[in-house]
Amino acid sequence: QVQLVETGGGLVQAGGSLKLSCAASGRIFSSYAMGWFRQAPGKEREFVAAISWSGGKTYYADSVKGRFTISRDNAKNTVYLQMNSLKPEDTAVYYCAADTEPGATPSSWDYWGQGTQVTVSS
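The sections below set out a description of the structure shown in this document.

About the criteria used
Residues numbered from 1 in each chain as written. Predicted model: local features only at pLDDT ≥ 70, side-chain atom pairs only at ≥ 80, totals over all residues. Heavy atoms only, no water. Phe/Tyr/Trp six-rings, centres within 6.5 Å; stacked < 30°, edge-to-face > 60°. Helix = DSSP H or I, 4+ residues; strand = E, 2+ residues; numbered from the N terminus. Buried < 20%, exposed > 50% of the residue type's maximum accessible area, 1.4 Å probe, protein only. Disulfide = S-S within 2.5 Å. Contact = heavy atoms within 4.5 Å. Core = buried A, V, L, I, M, F, W, Y, C linked by side-chain atoms within 4.5 Å. Pairing = 2+ DSSP bridges. Axes fitted to C-alpha atoms, helices over the stretch in contact; angles between N-to-C directions.

Turning to the packing of aromatic side chains, a few remarks are in order. Summed over all chains, the structure comprises 5 aromatic pairs. Consider the rings of F37 and W109, whose centres lie 5.5 Å apart with planes at 80 degrees: the pair is edge-to-face. One end of the pair, F37, is in strand β4 (residues 33-39); the other, W109, is in the loop between β9 (92-99) and β10 (111-112), and 72 residues separate them in sequence. Looking at W109, the relative accessible area reads 5%, which means it is buried.

Structural data, given as structure tokens:
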């Protein structure tokens, strides 16, 4: 089992920045790829970014490429999502996820946090 707790959400104006953190406990953190997803009201949960177990590979949704950066610190069992140049359409609940061999869809990830709200005002 892996337990995930997200922090760092909040209210920010358009153009601003936020940094989300996801602290993991349980099984060996460095064995897991980590991802960030988001879900806006009335919409499906969508992929935002992912990082390999070593941190050597990162993946981004086109909508956030160049604005968001995913990183991890295996010594601290934590993954981060630095969000810059935020837009109102980035407003959503952001979820952290973990899996040893994740796929492209949310259903292919085994472990999830409870989510943290990010609201971007115009």
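For the rest of this paragraph, the subject is the state of the cysteines. Two cysteines joined by a covalent bond between their sulfur atoms form a disulfide. Tallied over the entire structure, the rule returns 1 disulfide. A disulfide bridge connects C22 with C96, and the sulfur atoms are separated by 2.1 Å. In this structure, the disulfide formed by C22 and C96 twists by about -80 degrees around the S-S bond and is classed as left-handed. Highlighted residues: C22 in strand β3 (residues 18-26) and C96 in strand β9, separated in sequence by 74 residues. Across the pair, exposure class does not vary: C22 and C96 are buried alike.

Along the chain, V118 turns up in strand β11 (residues 116-121). In this structure the C-alpha to C-alpha distance between V118 and V93, which are 25 residues apart in sequence, comes to 6.0 Å. For V118, the contacting residues outside a window of four places in its chain are G9, G10, L18, L20, M83, D90, T91, A92 and Y94.

Once that is clear, we can look at the nonpolar core. Counting residues in each nonpolar core, the largest one holds 30 residues, and the members touching the most others are L4, M34, W36, V79, L81, M83 and Y94. At the level of elements, β1 (2-7), β3, β4, β5 (46-51), β7 (68-73), β8 (78-83), β9 and β11 are the ones that each hand at least two residues to this core. Not counting the four nearest positions on each side in its chain, M83 is found in contact with G16, S17, L18, L20, R67, F68, Y94 and V118.

Right, let's get into the pairing of β11. In β11, alternate side chains face the same way, and those of T116, V118 and V120 are buried while those of Q117, T119 and S121 on the opposite face are not. Here 4 bridges tie strand β2 (residues 10-13) to β11, and the two strands are oriented parallel to one another. Bridge pairing links L11 to T119 in β11. For β9 and β11, the ladder comprises 3 bridges, and the chain directions are antiparallel. Looking at β11, one finds that Y94 is bridged to T116.

It is worth spelling out the sheet that holds β7 at this point. Sheet architecture is open: 4 strands sit in the order β1-β3-β8-β7, paired in antiparallel fashion. Looking along the sheet, the strands with just one partner apiece sit at the ends: β1 and β7. Direction aside, neighbouring strands of the sheet carry axes that sit 15 degrees apart on average. Note: β1 against β3, 6 bridges, orientation antiparallel. By the bridge assignment for β3, Q3 is matched with S25.

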